[in-house]
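Spelled out from the first residue to the last, the chains are:
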Amino acid sequence: MSLIPKKGTVYVVDDDEAVRDSLQWLLEGKDYRVRCFDSAESFLARYDPREVACLIVDIRMGGMTGLELQERLIERKSPLPIVFITGHGDVPMAVDTMKKGALDFIQKPFDEEALLTLVDRMLERARESFADYQQAASREALLSKLTTREAQVLERIVAGRLNKQIADDLGISIKTVEAHRANIMEKLGANTVADLLKIALGQAAPRP
C-alpha cells in the first residue's frame, strides 16, 4: 500500500463500463483516488459532500442523465466541480451545462494529457469551493443559534439601524435591544460590530 498522499478524489459516473475502467486506470496511475459509479442514482446515494473531490460524468446515461444529476447537485448547493463527458453531437448541450456552473466538458475519445490537466484544475477549484462551503455551513450553524427576535435585531444592525431605531421598529425598549445585541455578539463569537457584520454577510474574517 502506497504511503504517498493521494492527490484528491475523482468521482467517475458513466454507464459504460469500458469508459469507467479506462478513466480509473488513467487516473489511479497518476495517484488520484478514483470512485466509479454506473449510474447517477448510485452516485447520489454514496456521495459525501464533506470530501474534497471532483466529478466526471457522462452527459447521456440511462435513468438519471448527467444533466439531471447536475440539477440535483445544484439543489443541494454542492461545491463539487463537474466536467461532462460528451459525444460529438452533444456540444450545444454541454455548453448549456457550463452556463449552469459546470467547469468544462471533454469529448470522446479523450486526450489524456488534457484530461489530467483538467482534473488538476478541478481539484484546485474543489479545495477553494470546499473552503467556501465549510464557511457557509459554519455561518448557518452560528445564525441558527439566534432566537427569532435576535435575528430581527441582527437584520437591522446589518441594515445600519441605530439602537433607538431598532427599538422603535420592534416596539421594544432600547435596553432590550442592547441585551439582544450582547447575546447576538456572544452567540456568534463576535468581538466587534465589524466582526458581527462579516459573519452576518458571509465574509471571511481577516487573518491575524
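The written sequence of each chain sets the order in which its residues are numbered from 1. Given that this is a predicted model, residues contribute local features only at a pLDDT of at least 70 and side-chain atom pairs are listed and counted only at 80 or more, while totals for whole chains, interfaces and linings are drawn from all residues. Hydrogens are left out, water is left out, and the side-chain values use all remaining heavy atoms of the structure.

The name an unreviewed UniProt entry assigns to the protein chain is DNA-binding response regulator, from the organism Simplicispira hankyongi.

Draft legend 1. Layout of the overall build of the protein chain. Comment: elements are numbered from the N terminus, with helices defined as DSSP H or I runs of at least four residues and strands as E runs of at least two. Secondary structure assignment for the protein chain yields 9 helices and 5 strands. Going from N to C terminus, the protein chain has its helices and strands arranged as β-α-β-α-β-α-β-α-β-α-α-α-α-α. We call two residues contacting when some pair of their heavy atoms lies within 4.5 Å. Contacts in the protein chain between residues at least 24 apart in sequence constitute 61% of all its contacts with a sequence separation of at least 6.

Draft legend 2. View of the sheet that holds strand 1 (residues 9–13). In spatial order, the strands read 2-1-3-4-5; together these 5 strands make up an open sheet with parallel pairing. In the strand order of this sheet, the two ends are held by strand 2 (33–37) and strand 5 (104–107), each with one partner. Neighbour-to-neighbour, the strand axes of the sheet open up by a mean angle of 20 degrees, direction not taken into account. DSSP bridges decide pairing: two strands pair if at least two such bridges lie between them. Pairing of strand 4 (residues 82–86) with strand 5 involves 4 bridges; the strand directions are parallel. Bridging across to strand 5, Ile85 finds its partner in Ile106. Inter-axis angles, ranging from 0 to 180 degrees, are taken between N-to-C directions of lines fitted to C-alpha atoms, where helices are fitted over the stretch in contact.

Draft legend 3. Examining helix 8 (residues 174–188) more closely. Any helix carries an expected span of 1.5 Å times its number of residues minus one. Compared with an ideal rise of 1.5 Å per residue, which puts 15 residues at 21 Å, helix 8 spans 21 Å between its outermost C-alpha atoms and is within 8% of the ideal. Three exposure classes are used, based on accessible area relative to the maximum for each residue type with a 1.4 Å probe and protein chains only: buried under 20%, partly exposed in between, and exposed over 50%. For helix 8, the complete set of buried residues consists of Val177, His180, Ile184, Met185 and Leu188. Summarising the axial view, the buried residues of helix 8 lie within an arc of 140 degrees, below the 170-degree limit, and thus occupy one face. Facing away from the buried side of helix 8 by over 90 degrees, the exposed positions are Lys175 and Glu186. Directions are taken from the helix axis to each C-beta atom, and the arc is the one they span.

Draft legend 4. Focus on the packing of aromatic side chains. Paired rings are identified among Phe, Tyr and Trp, the last through its six-membered ring, by centres lying within 6.5 Å, and are further divided according to the angle between planes into stacked (under 30 degrees), edge-to-face (over 60) and tilted (the rest). Evaluation of the coordinates by the stated rule reveals 5 aromatic pairs. Aromatic pair Tyr11 and Phe43: ring centres 5.1 Å apart, planes at 70 degrees, arrangement edge-to-face. Of the two residues, Tyr11 is situated in strand 1 and Phe43 in helix 2 (residues 40–46); the sequence distance between them amounts to 32 residues. For the residue pair Tyr11 and Phe43, the accessibility class agrees, reading buried in each case. Phe43 sits in the buried class, given a relative accessible area of 0%. By the ring-pair criterion, three or more aromatic residues cluster together here, those being Tyr11, Phe37, Phe43 and Tyr47.

Draft legend 5. Layout of the side chain of Arg20. Topologically, Arg20 is positioned in helix 1 (residues 17–28). Neither His nor the chain termini are counted; the positive set is Lys and Arg, and the negative set is Asp and Glu. A pair is scored as a salt bridge if a Lys or Arg side-chain nitrogen falls within 4 Å of a carboxyl oxygen belonging to Asp or Glu. We note that Arg20 is buried and unpaired, the nearest opposite charge coming from Glu17 at a distance of 4.8 Å. Aside from chain neighbours lying at most four places away, what touches Arg20 is Val12, Asp14, Asp15, Cys36, Phe37 and Asp38.

Draft legend 6. Focus on the environment of Thr86. Summarising the element assignment, Thr86 is placed in strand 4. Relative accessible area serves as the criterion here: at 0%, Thr86 is assigned to the buried category.

Draft legend 7. Structural detail: the packing of helix 8 against helix 9 (residues 193–201). Relative orientation of the contacting elements helix 8 and helix 9 amounts to 65 degrees, with a least axis distance of 10 Å. Viewed along their axes, helix 8 and helix 9 adopt a mutual orientation that is roughly perpendicular. Once helix 8 is placed against helix 9, the crossing between them reads as left-handed. Only Val193, Leu196 and Ile199 of helix 9 make contact with helix 8, whose side of the interface consists of Arg181, Ile184, Met185 and Leu188. In terms of residue class, the contact of helix 8 with helix 9 is built from 6 nonpolar, no polar and 1 charged. Throughout this description, any angle smaller than 35 degrees is read as roughly parallel, any larger than 145 degrees as roughly antiparallel, any in the 65 to 115 degree range as roughly perpendicular, and the remainder as oblique. Each helix crossing is assigned a hand: it is left-handed if the near helix lies turned anticlockwise from the far helix by less than a right angle, otherwise right-handed if that turn is clockwise. Classes in brief: Ala, Val, Leu, Ile, Met, Phe, Trp, Tyr, Cys and Pro nonpolar; Asp, Glu, Lys and Arg charged; the others, Gly included, polar.

Draft legend 8. Broad picture of the pattern of salt bridges. If you walk through the whole model with that rule in mind, you get 8 salt bridges. In this structure, Asp104 and Arg121 form a salt bridge, with 3.2 Å as the shortest nitrogen-oxygen distance. Separated by 17 residues along the polypeptide, Asp104 in strand 5 and Arg121 in helix 5 (residues 112–143) bring together distant segments of the chain. Its relative accessible area of 21% is what places Asp104 among the partly exposed residues. For Arg121, a relative accessible area of 43% translates into the label partly exposed. Arg127 is paired through a salt bridge with Glu124; the nearest N and O atoms lie 3.6 Å apart. Here Arg127 pairs with Glu124, and both are found in helix 5, just 3 residues apart, close to one helical turn. Each of Arg156, Arg161 and Asp169 takes part in one network of salt bridges that share partners.

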